[in-house]
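# Coordinate inspection notes
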Amino acid sequence: MNYLTYLPVFSKLTKSQQDILTRSAFIRQFSKNDILHNGSQDCTGLILVLCGQLRAFTISDDGREITMYRLFERDICLFSASCIMNSIQFDITITAEKDTEVLVIPPEIYKSIMEVSAPLANYTNEVMASRFSDVMWLIDQIMWKSFDKRLAGFLLNEANIEGTDTLKITHEAIGNHLGNPREVVTRMLKYFVNEKLISLSRGTIKIIDKNGLEKIINR
């Protein structure tokens, strides 16, 4: 199967351009917690997720992490090939949250076609705009939403992603996603326990009252 057909714009490329991409793209497998891309000096190439789950995050000067966005099957990451954009230097790290298989298009190949293909250039701009929109949404959340609302939203989103109300996740991992110290996460989770919204056990959070968490988000 030619996974490049997952690219919405692939059919709009010339036969020659399609052949170049097909010959150049390659599949890589990553285990959970493997690093795919590490910072702005690393130009991995365009990443297309075939299966699994990736996390894109940035690290503050004091070493705190915050999740920028996550990638699932058929999602595309262009920040991992930011070197093809002369005006964009985005310091982002990408790791595998689960065992993951990706298709990689080398950055020099992608750039050479993008420079002569209006459909691919337009598509690239659309993907970049979408990712920047994700980042702006995150900034808005951090600046204007209280931590209890952000944490409640995170727990509900995790339950939706995993398809279960029992989440295998540590307080430290949640802190890395949300950009807050583990101690802050633990205090808020204990508050949620007292409100009978969740229960806690080692490495596990069980959501008891989804409606209650929704009320926190919307109040």
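Details of the structure are given in the entry above.
Throughout what follows, the structure given in this document is the object of discussion. (Residues numbered from 1 in each chain as written. Predicted model: local features only at pLDDT ≥ 70, side-chain atom pairs only at ≥ 80, totals over all residues. Heavy atoms only, no water.)

### Overview of unusual backbone geometry
The phi torsion at R74 lies on the positive side, around 75 degrees, for a residue other than glycine. As for its placement among the helices and strands, R74 is situated in the loop between β5 (65–71) and β6 (76–77). Judged by its relative accessible area of 47%, R74 falls in the partly exposed class. Phi is positive for K196, which is not a glycine, with a value near 60 degrees. Inspection of the secondary structure assignment puts K196 in the loop between α6 (182–194) and β10 (198–201). When its relative accessible area of 62% is taken as the criterion, K196 is described as exposed. (Helix = DSSP H or I, 4+ residues; strand = E, 2+ residues; numbered from the N terminus. Buried < 20%, exposed > 50% of the residue type's maximum accessible area, 1.4 Å probe, protein only.)

### Digging into the nonpolar core
Counting residues in each nonpolar core, the largest one holds 43 residues, and the members touching the most others are L54 and Y110. Sorting the residues of this core by element identifies β3 (46–51), β4 (54–59), β5, β6, β7 (93–96), β8 (100–105), α2 (107–114) and α3 (118–144) as the ones contributing at least two each. In this structure, Y110 is in contact with L46, L78, I84, I105, L120, Y123 and T124, ignoring residues within four places of it in sequence. Grouped together as the second largest cluster of nonpolar side chains are 22 residues, F147, L155, I174 and I198 included. (Core = buried A, V, L, I, M, F, W, Y, C linked by side-chain atoms within 4.5 Å. Contact = heavy atoms within 4.5 Å.)

### Some thoughts on the environment of R64
Within the secondary structure, R64 sits in the loop between β4 and β5. The class of R64 is partly exposed, set by a relative accessible area of 40%. For the pair R64 and R131, spaced 67 residues apart in sequence, the C-alpha separation works out to 21 Å. Those residues in contact with R64 that sit more than four places away from it in its chain are T58, I59, G179, N180 and P181.

### Points about the pattern of salt bridges
Where charged atoms from two side chains of opposite charge approach closely, those side chains can pair. Inspection of the entire model under this criterion finds 10 salt bridges. One salt-bridge network, in which partners are shared between bridges, spans R70, E97 and E158. (Salt bridge = Lys/Arg side-chain N within 4 Å of Asp/Glu carboxyl O.)

### Re a nonpolar patch on the surface
A grouping of M136, I139, M143 and W144 is seen on the molecular surface, where their side chains present a nonpolar patch of about 490 Å² in accessible area. Residue I139 is classed as partly exposed on the basis of its relative accessible area of 37%. (Patch = residues over 30% accessible without salt bridge, like charges linked within 9 Å, V, L, I, M, F, W, Y side chains within 5 Å. Areas by Shrake-Rupley, 256 points an atom, 1.4 Å probe, with all protein chains shown as cover.)

### Considerations on the environment of C77
The topology assignment puts C77 in strand β6. Taking the relative accessible area as the measure of exposure, C77 reaches 0% and is therefore buried. Among residues more than four places away in sequence, those in contact with C77 are G45, L46, I47, Y69, L71 and I94.

### Side note on the sheet that holds strand β11 (residues 204–207)
Here 3 strands make up an open sheet; going across it, the order is β9-β11-β10 and the pairing antiparallel. Single-partner strands in this sheet number two, and they are β9 (166–168) and β10. Averaged over all neighbouring strand pairs, the angle between strand axes comes to 20 degrees, with direction disregarded. As defined by bridge partners, β9 adjoins β11 across 3 bridges and the pair is classed as antiparallel. Across the sheet, L167 pairs through a bridge with I205, a residue of β11. (Pairing = 2+ DSSP bridges. Axes fitted to C-alpha atoms, helices over the stretch in contact; angles between N-to-C directions.)

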